[in-house]
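Observations on chain architecture
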Amino acid sequence: MTLVSICVPCFNEEKTAPVFYNEILKVFKGKDDLDFEIIFVDDGSKDDTFKVIKDLSKKDERLKYIKFSRNFGKEAAIYAGLKNSKGDYIVTMDADLQDPPALLPEMIDYMESGYDSVATRRVTRKGEPILRSLFSKLFYKIINRLSDVYIVDGARDYRMMSRAMTDSVLSLTEYNRFSKGIFSWVGFETKYLEFENIEREEGESSWSFLKLLKYSIEGIVSFSTSLLSISTILGIILSVISIIFIFVIIIQHLIGNDSVPGWASTVCSVLFIGGVQLFCIGLLGLYLSRTYLETKKRPIYISKEEKL
Ligand code: UDP
Ligand code: MG
């Protein structure tokens, strides 16, 4: 008997959780060699998500839950789910059915044929605001150029992993988690399945533009230190330019050609250099703040109530 653990982060999913459960039941119906467990992680929902999950789990032994003491974010919820999973194959997927459960049997087939992981990517972004798609594209371009790990464009967090890979993912205990990077960093052989974007079943996406921007910065800073060298490179380029300018000014002075220069250009260059300096100090701050948080060794999540 193969046990499949399904880890589901839930934030305000009172409407979708029961629908999700029914879909999973449908997928596993009649599959005698497969068993499943669902680990719902209530990430500090403001609605009745926890009550809904608890009621469901009273009816079905295979449903487990963890309730966080507050909202710790999706990454922490995924970590909690993985940590408490007992299965041979472990899946992470959203509660809103944007990750189609119908793909599960195919994923299991690939796992049985020897892959360590089966991941998914969206090939369309149908139903998503254009600006958001544009920024996502830009994000993947930047992160893949800068960092050591390769992140597939449109990759979702919907993924099935072997026990060995899950344990490796769990061995990375950093506080600032960027799962897409972590999955890629641990290696292992991954098969990508493609599907078309599906709109949310109920409720609204909890990702505001600002939240996504923060998430992207997290991704880049967590897996690349090359931003730090941008400051050095910019610094060198600007120094060279200013040295050339000094020579030009001296020569102009010697040949008696120094008409009163416009103050605008002076102010411009002062502002420009000031801006570059602030930008570079900001970059240093980004890394420093991460280092600061990591040295505190805070737990990734705090659970208030659980049934496992
Ligand atoms: N989620 C979470 N904590 C959060 C935000 C989201 O656990 O702080 C969960 C949410 O319940 C859902 C999944 O993460 O199961 C994806 O969230 P959402 O559908 O809002 O994101 P999108 O599909 O738009 O990327
Ligand atoms: Mg969603």
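Before going into details, it helps to say that this report is about the structure given with it.

Each value, and the rule that gives it
- Residues numbered from 1 in each chain as written.
- Chains lettered and ligands numbered in written order.
- Predicted model: local features only at pLDDT ≥ 70, side-chain atom pairs only at ≥ 80, totals over all residues.
- Heavy atoms only, no water.
- Axes fitted to C-alpha atoms, helices over the stretch in contact; angles between N-to-C directions.
- Helix = DSSP H or I, 4+ residues; strand = E, 2+ residues; numbered from the N terminus.
- Parallel < 35°, antiparallel > 145°, perpendicular 65-115°, else oblique.
- Left-handed = near helix turned anticlockwise from the far one by under 90°.
- Contact = heavy atoms within 4.5 Å.
- Nonpolar A, V, L, I, M, F, W, Y, C, P; charged D, E, K, R; others polar.
- Near = heavy atom within 4 Å.
- Polar contact = N/O pair within 3.5 Å; in protein donor to acceptor, adjacent residues only side chain to side chain.
- Areas by Shrake-Rupley, 256 points an atom, 1.4 Å probe, with all protein chains shown as cover.
- Donors = N, O, S within 2.8 Å, 3.2 Å for Na, K, Ca; no water.
- Buried < 20%, exposed > 50% of the residue type's maximum accessible area, 1.4 Å probe, protein only.
- Pairing = 2+ DSSP bridges.
- Expected span 1.5 Å × (residues − 1).
- Arc of directions from axis to C-beta.

At a minimum axis separation of 10 Å, helix α3 (residues 74–83) and helix α6 (residues 163–171) run at an interaxial angle of 130 degrees. Comparing the axis directions of α3 and α6 gives the class oblique. Here α3 and α6 pass one another in a crossing that is left-handed. Touching Y79, L82 and K83 of α3 are R163, T166, V169 and L170, all from α6. Classifying every residue of the contact of α3 with α6 gives 4 nonpolar, 1 polar and 2 charged.

This brings us to the site of ligand 1. The immediate surroundings of ligand 1 are formed by 19 residues, with E13, D43, D96, Q98 and R200 found nearest. One nitrogen or oxygen atom from the side chain of D43 is found 2.6 Å from a nitrogen atom belonging to ligand 1. Compared with its free state, where it exposes 530 Å², ligand 1 has 93% of that area covered by protein.

Turning our attention to the coordination of the magnesium ion (ligand 2). Distances from the magnesium ion (ligand 2) to its protein donors, D96 (OD) and Q98 (OE1), fall at 1.9 Å. Note on Q98: relative accessible area 16%, which makes it buried.

This part takes up the sheet that holds strand β1 (residues 2–10). Spatially, 8 strands are ordered β7-β5-β6-β4-β1-β2-β3-β8 in an open sheet, and the strand pairing comes out mixed. Taken across any chain shown, the strands that pair with only one partner, and hence form the sheet edges, are β7 (190–195) and β8 (303–307). Averaged over all pairs of adjacent strands, the angle between their axes in this sheet comes to 15 degrees, without regard to strand direction. Bridging between β1 and strand β2 (residues 34–42) involves 9 bridges; their strand directions are parallel. Residue pairing in the sheet places C10 in a bridge with D42 of β2. Packing against the sheet, helix α4 (residues 104–112) makes contact with β1, β2, β4 (89–92), β5 (117–122), β6 (155–162) and β7, and its axis sits at approximately 50 degrees to β6.

For helix α1 (residues 16–28), spanning 13 residues, the distance from its first C-alpha to its last is 19 Å, which sits close to the expected 18 Å at 1.5 Å a residue. Among all positions of α1, only T16, A17, F20, Y21, I24, V27 and F28 are buried. Projected onto a plane normal to the axis of α1, the buried residues spread over an arc of 135 degrees and lie on a single side. Elements in contact with the buried residues of α1: β1, β2, α2 (49–59), β3 (63–68) and α4.

Without other data, these values stay purely geometric and don't point to any function.
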